[in-house]
Every structure is written in C-alpha cells, then in structure tokens.
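Structural features, examined
As a plain string of letters, each chain reads:
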Amino acid sequence: MNLIIRPEMPADHIAIHAVTKRAFAPMPFADGDEQDLIDRFRKAGALEISLVAERDSAVVGQVTFTEAFAEDGSRGWYALGPVAVEPALQKQQIGSQLIEEGLARLRQRDAAGCVLVGDPAYYQRFGFRAFPDLCPAGEPAEYYQILPLAVAAPDSVVAFHPLFHGSG
Ligand SMILES: CC(C)(COP(=O)(O)OP(=O)(O)OC[C@H]1O[C@@H](n2cnc3c(N)ncnc32)[C@H](O)[C@@H]1OP(=O)(O)O)[C@@H](O)C(=O)NCCC(=O)NCCS
C-alpha cells in the first residue's frame, strides 16, 4: 500500500476534520467533539505534533499529540489523541504507523513520556500501561495509560491540556 506518514499541512485541515468526524461517529464512547478539538488545539498553538497518513493524495488518518502537565512541574510530557483512521481503511496498520511515527518523534525530542485515555487492548501494543494511581481527577482510571520514555515512570499525576475540557 502506498502510504505516507507526514506532518500536517494547512491544506490538510479540512480533510483531518472530516476523517476524524467519520471515524468517531460510530464509536459509543465518542462525544462527537473530537474533530473540533483538533481545530481548537491548532488555533491555540497547542498542536505539538499532528501527523497525517496520506494515500493516493488523500488524507486517510491523523494523530494528535499535545503537551501534558505533570503536577510536580517536571516537563517533557505529552498526550496522544485524538487518533483516527478512515473507517473503510481501518485494521490495515495505518493507525499503528501514525502512532509509531509520533512516538518516534517524541523520542527525538527526549520526551519524558506520553499519556492517553483509550482502550488498553489497543494501546498496550505500543508499550502503554495502566497507572491508575496517577490518573488525573475526572479521567477514567481503567483507561488512563502512560508510556514512559526518557524516565522510568512519572513521579506525579500527569494531566491533559485544559483544552481537552474546553478551557485554556
Ligand atoms: C483506533 C484506530 C485509530 C486504529 O487504527 P487502525 O488503522 O484501524 O489500527 P491498526 O490497523 O493499526 O490496528 C488494528 C488493531 O487495533 C484494534 N483496534 C482498533 N481500534 C480499537 C479499539 N478502539 N479498541 C481496541 N482495539 C482496537 C483492531 O481490532 C486490530 O486488532 P488486531 O491487530 O489484534 O487485529 C481506528 O480504529 C479508528 O479510527 N477508530 C475510531 C476512532 C477511535 O476510536 N480512536 C481512538 C480513540 S481511543
């Protein structure tokens, strides 16, 4: 399959919005806001890494990384999500390639690690594991996971960018 993983460009914004909306629409856990969230991050300059998967000149997937905030003030934390792949093209490793490339870029930045809320059955393949004791208030501890990179484990709760909850 002719697939390119690359950073987003301005011409991709509309396609990213549309693919994300289509991917999350059937998901029972989705709040329907994921595509708008990416736009809000971009507008606020909070989109640290946005990679798209391009096939035959079309955007067929996207992954977002934003800064995350350790309560002890340590820096270098990031959050993964949203991540989405065109529904008709799911289960072809596109999501995995987007996530692996994003994590490689975090390693290049000497990131401390990456946090997310998602299904452990999917994310454990990338090395994410549960840290229920470090889950921020209001997040589901059973879905809160961390991939430590430059450090063995965080020393404190690592919280998401406030824009995830509509402020900031
Ligand atoms: C999650 C998503 C980005 C994965 O992309 P993808 O290209 O389909 O994933 P890959 O092909 O790399 O991996 C497929 C594997 O992930 C599994 N998988 C996909 N989504 C999953 C989910 N939400 N929970 C658990 N497993 C999931 C598939 O069952 C498959 O498992 P297998 O390798 O054991 O057969 C894509 O399914 C998607 O856009 N889903 C809708 C939006 C969404 O749920 N985003 C994530 C929110 S946490």
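The paragraphs below set out a description of the structure included in this document. (Residues numbered from 1 in each chain as written. Predicted model: local features only at pLDDT ≥ 70, side-chain atom pairs only at ≥ 80, totals over all residues. Heavy atoms only, no water.)

A word on the pattern of salt bridges
Close approach of charged atoms lets side chains of opposite charge pair. Inspection of every chain in the model, using the stated rule, returns nine salt bridges. Its salt-bridge partner being R6, residue E54 comes within 2.7 Å of it at the nearest N-O pair. Of the two residues, E54 is situated in strand β2 (residues 49–55) and R6 in strand β1 (residues 3–7); the sequence distance between them amounts to 48 residues. For E54, a relative accessible area of 16% translates into the label buried. Residue R6 is classed as buried on the basis of its relative accessible area of 13%. In this structure, E8 engages R42 in a salt bridge whose closest nitrogen and oxygen atoms are separated by 2.9 Å. Of this pair, E8 sits in the loop between β1 and α1 (13–24) while R42 sits in helix α2 (residues 34–43), placing them 34 residues apart in sequence. Relative accessible area serves as the criterion here: at 19%, E8 is assigned to the buried category. (Salt bridge = Lys/Arg side-chain N within 4 Å of Asp/Glu carboxyl O. Helix = DSSP H or I, 4+ residues; strand = E, 2+ residues; numbered from the N terminus. Buried < 20%, exposed > 50% of the residue type's maximum accessible area, 1.4 Å probe, protein only.)

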